[in-house]
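Structural overview for review
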Amino acid sequence: MKKDTIAAISTGMTNSGIGIVRISGSGALRTADRIYKGKRKLSEVPGHTIHYGHIQDGDEVLDEVLVMVMRAPRTFTGEDTVEINCHGGTFVVRRVLETVLKNGARPAEPGEFTKRAFLNGKMDLSQSEAVMDLISSQSDYALQSSMNQLKGNLKNKISGIRDRIIYHTAFIESALDDPEHISLDGYGEKLRTEAEEIMEEINKLIASADTGKIMKEGIQTVIVGKPNAGKSSLLNVLTGYERAIVTEIEGTTRDVLEEEIRLQGLNLNVIDTAGIRNTEDIIEKMGVDRAKDYARNADLVIYVVDSSRNLDENDEKIMDLICDKRTIILLNKSDLDMIVTEDVMREKMRETALRNGKNVDDVPILVISARDESGISEFEETVKRMFIKGEISFNDEIYITNARQKSALQDAAESMGKVVESIDAGMPEDFYSIDLMDAYESLGNITGESMGEDLINEIFSKFCMGK
Amino acid sequence: MKYSANSVWENKDEYDVAVVGAGHAGCEAALATARLGFRTVVFTVSVDSIALMPCNPNIGGSSKGHLVREVDALGGEMGNVIDRTFIQSKMLNSSKGPAVHSLRAQADKADYSRAMRQVLEDQENLDIRQMEVTDILAENGKVTGVRTYSGAEYRCRAVILCTGTYLKARCIYGDVSTYTGPNGLQSANYLTDSLKALGIRMYRFKTGTPARIDRNSIDFSKMEEQKGDERVVPFSFTTDPESVQIDQVSCWLTYTNKETHDIIRSNLDRSPLFSGAIEGTGPRYCPSIEDKVVKFPDKDRHQVFIEPEGKHTTEMYVGGMSSSLPEDVQYAMYRSVPGLEHAKIVRNAYAIEYDCIDARQLKNTLEFKNVEGLFSGGQFNGSSGYEEAAAQGLMAGINAARKLQGKEGVVLDRSQGYIGVLIDDLVTKESHEPYRMMTSRAEYRLLLRQDNADLRLTKIGYEVGLIDEERYQNLLEKEKMIEEETARVSRVNIGTSDQVQELLRSFGSTPLSSGTTLAELIRRPELSYEKLEEIDKERPDIPISMKEQVNINIKYDGYIKRQMRQVEQFKKLENKKIPEDINYDEIQSLRIEAKQKLNQIRPVSIGQASRISGVSPADISVLLVYLSSR
């Protein structure tokens, strides 16, 4: 399988001081030679060295550059790699890339450098997945979590669990292979406790997957409320600029606006919706219907109430819609005379709860003023508390951020459950190791480690057998 | 060192197959080819050592018992012979699940050896020849015959190497070493060089055996008696179960103690293992007593089993205390064990070193990849144990015959039998020690039970030609009856009659609140097919062995189905064949180590490739991508 040479801009497309074009593949040096003018040909320099020179497209000098030459296999991808550090802005970097592409490289697909690194055995599966997450991660939390996975925290955690599983399997197996030397009497009970502990650890990791998803993909947030309750104003405050058109006229927002905002290190994908009310206007009506759809699928609903006006049947409709969602209620326009106080709102919510048979006692109700930007920081704190449990912030906790890992963990947890079932059903000990080994293998799939001779080696290293 | 002092002459007896060695592998190999109609000669350094058991006096044991059953199901001989010559028998792990039940019999060593020799002597097409083979003759990468120490050349079309521990064998204890095979028998010192000249890579392995002690010098009152099972189960599916209900002899259990360990520790410097005088690699599963003391310093005692070597000798085997310590230390060490205070040693414990091959040079038919027609089996392939040897000998014999018949080889996969696991491991995985079969090596052991070896393999034995028509028809009948009875039991409804509730109570089982099927009741851990006989009015009269199958089929149904799904997954990768002409060097993304390993082993399938140590899951992904883009 001959690998062609790929290239891409490996820094963000911002007007930063330096932009890097990375080329990887067996033709990387050849391509670079064609466009680089310096003291020596790059194909003749040793690996892991830096060279000063110019990049030219034909006779045209594009930029003054530093070129880093790294030879296989000691590179990220495991292939010959050239990195061109350009000094120009976005435009120049793009020109340099185009020139590289004209001279023997093709554009890299998203994640292709990582894929090559994996295929060349430079990283295990969980590491390469983490790099992919890193590339596409959106928030600081996700970034941190990817970094942790990359450093092997996930691998260490999984390995720890695997070690425990294989120790117990090896003990059972050594007794089966050498029944006259090693006895399993009473072992079931001991293993049961251990199996439940292991299951709990795995389940914790699975639970982290949901947080992991939120960190990586952001919180799907929908702002709802009656027309002119101040939904768009809130969005503008949160995003910091006038994204939505704000007017005094009810029903100004007729469609749905989407905005991505950064809040306490979390990403909120905020959808501002048309105000929900009974309306004859067809376009507005469509907007209202879509608002209801969005609210149903959201991770978080922000219900904005105009506290200067009385609640009416439209509010009741909204409350019915959101009472089984994770919700924050904002009593807006605290700068005006407040008619709807927190107490009034609580009472209303309680009625809604009775009507729907739901418990809504812990729905946070905050008083804000979008106009004065007061109460906004309390709101941000509340969101953070709701999604990131107090104990986990920028620390070393591990989050499962991808579906393959999650499903492997679920398999492992299920297998451990079967171990407990077998123990409870009074099955003989050899049945335990069937599911123990399944769990071991599922976990191995996360780190890309296969079973091989692990069990045999564990048996011999830990237990004394033999004639 | 090429021996050429003796003048060469050609023996004109016509043979198709030459088997080198008449141990447990050689006997099965020679019997298989002869029974399949090929004129076979089996060479041995001593006719008196045919089917010799130079180490432990038993056949079977955990997972090894499975092998014996499988050999029998395929038409091999070991099971028959041990059924006629055992002096004690036990079903190990009988309190565990059916997958790990395993038969182990104490053999009368001399009887066993004599009985097997008789089978060989009576076998049509089979000649026994006492002579050391020194050379394998080959032309153009194809075997043409063998040459013996006396200079005689035997022309044949296939050769099966079953040299056991005899190649350049050296026995060692303390600073004493003798260049002999086991039991002081003559070693075979020339063949290794001939094999090397054929381009075969050799390893040097080591194993050991404990002392034999005169039973008249043992005080059994200080030991625990170990009796055989009350009801003995035969190894062979063809043995009449009533014929094995004999008077059994006992074994005895005692323990080492702190004094024993002190003696060993203070003399470790005199052990050839620790001084470096032994270069071969020893097995981890069969450690010498000095190994155990060093490796497990926290254990204050180790078990010692005293086992008779036969009915017509006073020699007793000291299981658990193999050693290569000097003779004087051996005396002190053994005599520190309760009951052995006045022990008289008949034969010293010793370690033995021998040449064997890196079995990754073999195809999974046990034929050498680089020498056509040359097969090998047994300890020569880097395994250990009589049962492992017999299993390989049988398969090597079958496949040598298939080759001469112009038929495709018979390869059992890991889901078909322990034999499949054994051979796949040997030809695929790197091993630095003699390989022993273990139940934990078999991924699908719930399906690979000793009780169903005939159902798994006898059809194959029939197709090969080692199972006769009558036995085959009996098998088909058995299969049908099990199937019908399993189906019936799943259908039969059981009501809540007083008789039923009473029976359930008598086994400590919760009474029924409403009716259920017989199968549901069988699944309760405290119940079984047999126990429910009283309330099963329509039950047909079927043999015990079939009742056992019905019980297992029903009781472990859920687990069995899961295991079968695993097998399906496994088969998917096994069925992804790798073309023979694949050029691994061309696949750039493979790591260098993986390329080397793949080039060396040349696996037949992705499945086999995935089991090679040094080939990572990432390499397998690369291979899959490469194959799909070819």
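Criteria and cut-off values
Residues numbered from 1 in each chain as written. Chains lettered and ligands numbered in written order. Predicted model: local features only at pLDDT ≥ 70, side-chain atom pairs only at ≥ 80, totals over all residues. Helix = DSSP H or I, 4+ residues; strand = E, 2+ residues; numbered from the N terminus. Rg over C-alpha atoms; globule rule 2.2 N^0.38 Å. Buried ≥ 20, exposed ≤ 12 C-beta atoms within 10 Å, placed from the backbone. pLDDT = per-residue confidence, 0-100. Pairing = 2+ DSSP bridges. Axes fitted to C-alpha atoms, helices over the stretch in contact; angles between N-to-C directions. Contact = placed C-beta atoms within 7 Å. Core = buried A, V, L, I, M, F, W, Y, C linked by C-beta atoms within 7 Å. Domains from an automatic or database assignment.

Quick word on the overall build of chain B
Scanning chain B from terminus to terminus reveals 20 helices and 23 strands. Expected size for 630 residues packed as a compact globule is a radius of gyration near 25 Å; at 26 Å, chain B falls within 12% of this value. If one aligns the C-alpha atoms of chain B with their principal axes, the spans along those axes are about 90 × 70 × 55 Å. Within chain B, the fraction of its 630 residues that count as buried is 52%.

Section: the confidence of the model for chain B
Averaged over all residues, the pLDDT of chain B equals 93, while 98% of them reach at least 70. Our summary of model confidence lists the complex with pTM equal to 0.75 and ipTM equal to 0.85.

A short note on the sheet that holds strand 3 (residues 40-44) of chain B
By way of backbone hydrogen bonds, the strands of a sheet pair with one another, either parallel or antiparallel. Residue and element names in this part refer to chain B. Read from one edge of the open sheet, five strands run 7-3-2-11-21, paired in parallel fashion. Edge positions in the open sheet fall to strand 7 (126-130) and strand 21 (374-376), since each of these has one partner strand only. The mean inter-strand angle of the sheet, taken between neighbouring strand axes irrespective of direction, is 20°. For strand 3 and strand 7, the ladder comprises five bridges, and the chain directions are parallel. Residue pairing for strand 7: Thr 40 is matched across the bridge by Leu 126. Relative to strand 11 (residues 158-161), helix 10 (residues 386-405) is tilted by about 170°, and along the sheet it contacts strand 2 (17-20), strand 11 and strand 21.

What about the nonpolar core?
Membership of the largest hydrophobic core comes to 180 residues, with the highest contact counts inside it found for B:Ala18, B:Val19, B:Val20, B:Val159 and B:Ile160. Setting aside chain neighbours within four positions, we find B:Ala18 in contact with B:Val41, B:Phe43, B:Val146, B:Tyr154, B:Cys156 and B:Val159. A:Leu234, A:Leu238, A:Tyr294 and A:Val363 belong to the second largest nonpolar core, which has 39 residues in total.

Some points on the domain arrangement of chain B
Here the domain parsing of chain B yields domain 1 (212-350), domain 2 (479-563) and domain 3 (577-629). Computed over C-alpha atoms, the centres of domain 2 of chain B and domain 3 of chain B are 49 Å apart.

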